[in-house]
Number of protein chains: 2
Amino acid sequence: MIKVVIIGAGNVAWHLFQAIQNSNEAEVIYVHNRSLSTLSDFEKTVPTGTDLAEIPTADLYLVCVKDDVVSGIIENLHSVNGIVAHTSGSVSLQKSAQKNAVFYPLQTFSKTTKLNYNNIPFCLEADSSETFGLIEKLAKSISENVYHIDSEQRKSLHLSAVFVCNFTNFMYDIGHQICKENQIPFEILQPLIAETAQKITINLPEKVQTGPAKRGDVQTVKSHLEQLTNSTHKEIYSTISNAISEKYGKKL
Amino acid sequence: MIKVVIIGAGNVAWHLFQAIQNSNEAEVIYVHNRSLSTLSDFEKTVPTGTDLAEIPTADLYLVCVKDDVVSGIIENLHSVNGIVAHTSGSVSLQKSAQKNAVFYPLQTFSKTTKLNYNNIPFCLEADSSETFGLIEKLAKSISENVYHIDSEQRKSLHLSAVFVCNFTNFMYDIGHQICKENQIPFEILQPLIAETAQKITINLPEKVQTGPAKRGDVQTVKSHLEQLTNSTHKEIYSTISNAISEKYGKKL
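Small disclaimer: the values here were computed from a predicted structure and weren't measured.

A. Highlighting the nonpolar core. Grouped together as the largest cluster of nonpolar side chains are 42 residues, with contacts concentrated most on A:L106, A:L157, A:L189, B:L106, B:L157 and B:L189. Looking at this core, the elements that each hand over two or more residues are β6 (99-105), α4 (151-181) and α5 (190-199) of chain A together with β6 (99-105), α4 (151-181) and α5 (190-199) of chain B. Excluding anything up to four places from it in sequence, B:L157 contacts A:C179, A:I184, A:I188, A:L189, B:L106, B:C123 and B:I149.

Structure, rendered in structure tokens:
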């Protein structure tokens, strides 16, 4: 069994904890966090603590903390023998531990949402093939989607994720606001949202683009811009519509 | 049985044809289209034709044509006794037929994609309660999600749909392009896309917004803008990030 210490107690820590406890290849033996409060989710099932000096010996230290404190934490772990892997999409492979790796689960995590870990893509990188082998074994015991992604690629993947997840959610938010202002239940849009996400699992997004900007339907675009009362929404509508019409050789 | 004539032979016509043929309350007795070519999908199972004068008598004429020709077609149907309903999100309830209605299925349709008609929202409007009753009976025989939506609300719904469907798909497209430029398989992003769409079925979008702009993470936003080589993508990134950070009281 791969013995794992988790550093951090946020959403990613919580879900990786669940996933590893369900794996046949690994077990979490300890969870560390600098503050006590969020450890309460873990302390029923595993030893926990707030003092980095008290962390037990393990095969793998999974650093699940905010991007800007990752490198500081890993520097403090320079003397451990086990692998030190962080889980951040936007942080490069570090060098300060003896064995360095990245164990990046590409998913949006909330503590309250149950996830099927089996299809979460794990994007892995390590500073030696032996280290890579161990984290790959762990990742494969959790998920069917395991990828070797280097630091440069991971930066691009993180940027793509901002578009397809963060910005997409903001499109949903604007849709929700327009519905609310017009006494329309937002749930009417949900089958459309689901189908839009589903479509691109079998088609390239550029092959299934639809809408007034794609068609170069100047009248509808003009009427939508007149309808929008929020100047920020108007600006977003214009910027994206111009980009779409340009891509498909139309003029608005 | 409600006897239906379909006018038009595009994606919406094709899917409504399938849905009605599977319904216990209605049957398509004829499909009309101005050009012969696209009628081939229908002519194996139902009479078809290109001459508006040859359309048989029916209870309901479903006008599934492009937005800009809807009103012209309906004017040509001014003398029929049955209900004339169009299926367009952005066209108002017409007045030129004897019985006017709107039968708007809020979904993105491609001929090649199979759909579960049972959860497609049907947004209905009519110029009399008797007419409304008949189209409601048909809609309920196809789907569990049937709504009374007036012309003003439908305009807003259509605008919302542009954000949550057309603009979202363009976010997927940008994500795909960034992946392609960096030799990353786009399928890595698909579980994230699915989960982002799934999350808002149980949470309001504004409650589950995540990402660097939401956190006011100036460093990551700056580094993403430097990474982006396409000036249109840069502009979209800035515009949406500024809108998100403003909404959550952060400064970029």
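Past the structure itself, the notes keep going.
B. Broad picture of helix α3 (residues 129-142) of chain A. Residue and element names in this part refer to chain A. Between its first and last C-alpha, α3 extends 20 Å over 14 residues, near the 20 Å set by a 1.5 Å rise per residue. Every buried residue of α3 is listed here: T131, F132, I135, L138, A139 and I142. One side of α3 carries all its buried residues, which in axial view fall inside an arc of 130°. More than 90 degrees from the buried face of α3, the exposed residues found are S129, E130 and K140.

C. Up close: the sheet that holds strand β8 (residues 146-148) of chain B. All names here are of chain B. Taken in spatial order, the eight strands of this open sheet run β3-β2-β1-β4-β5-β6-β7-β8, and their pairing is mixed. Both outer strands of the open sheet, β3 (48-49) and β8, are each paired with one neighbouring strand and no more. Taken together, the six bridges between strand β1 (residues 2-7) and strand β2 (residues 26-32) define a ladder with parallel strand orientation. When the bridges of β2 are listed, I2 appears paired with A26.

D. Main features of the relation of the copies chain B and chain A. Structural alignment of chain B on chain A gives an RMSD of 0.0 Å, achieved by rotating through 180° and translating 0.0 Å along the axis. What the rotation and shift describe, once combined, is the action of a two-fold rotation axis. Taking C-alpha positions as the reference, the residue of chain B nearest the rotation axis is B:T168, at 2.6 Å. Here 100% of the contact residues of chain B are again contact residues in chain A; the copies associate through an equivalent surface.

E. Summary view of the sheet that holds strand β8 (residues 146-148) of chain A. Residues and elements named next belong to chain A. Across the sheet, eight strands lie side by side as β3-β2-β1-β4-β5-β6-β7-β8; this open sheet has mixed pairing. Across the chains shown, the open sheet's two edge strands, defined by having one partner strand only, are β3 (48-49) and β8. The sheet contact formed by strand β7 (residues 122-126) and β8 spans three bridges and is parallel. Across the sheet, residue C123 finds its bridge partner in β8, namely Y147. Contacts between helix α1 (residues 11-21) and the sheet are confined to β1 (2-7), β2 (26-32), β4 (60-63), β6 and β7, with β2 contributing the most and set at about 150° to the helix. Along the sheet, α3 makes contact with β1, β2, β4, β5 (83-86), β6, β7 and β8, crossing β7 at roughly 170°.

Rules used throughout
- Residues numbered from 1 in each chain as written.
- Chains lettered and ligands numbered in written order.
- Predicted model: local features only at pLDDT ≥ 70, side-chain atom pairs only at ≥ 80, totals over all residues.
- Heavy atoms only, no water.
- Core = buried A, V, L, I, M, F, W, Y, C linked by side-chain atoms within 4.5 Å.
- Buried < 20%, exposed > 50% of the residue type's maximum accessible area, 1.4 Å probe, protein only.
- Helix = DSSP H or I, 4+ residues; strand = E, 2+ residues; numbered from the N terminus.
- Contact = heavy atoms within 4.5 Å.
- Expected span 1.5 Å × (residues − 1).
- Arc of directions from axis to C-beta.
- Pairing = 2+ DSSP bridges.
- Least-squares fit on C-alpha atoms with pLDDT ≥ 70 in both.
- Axes fitted to C-alpha atoms, helices over the stretch in contact; angles between N-to-C directions.

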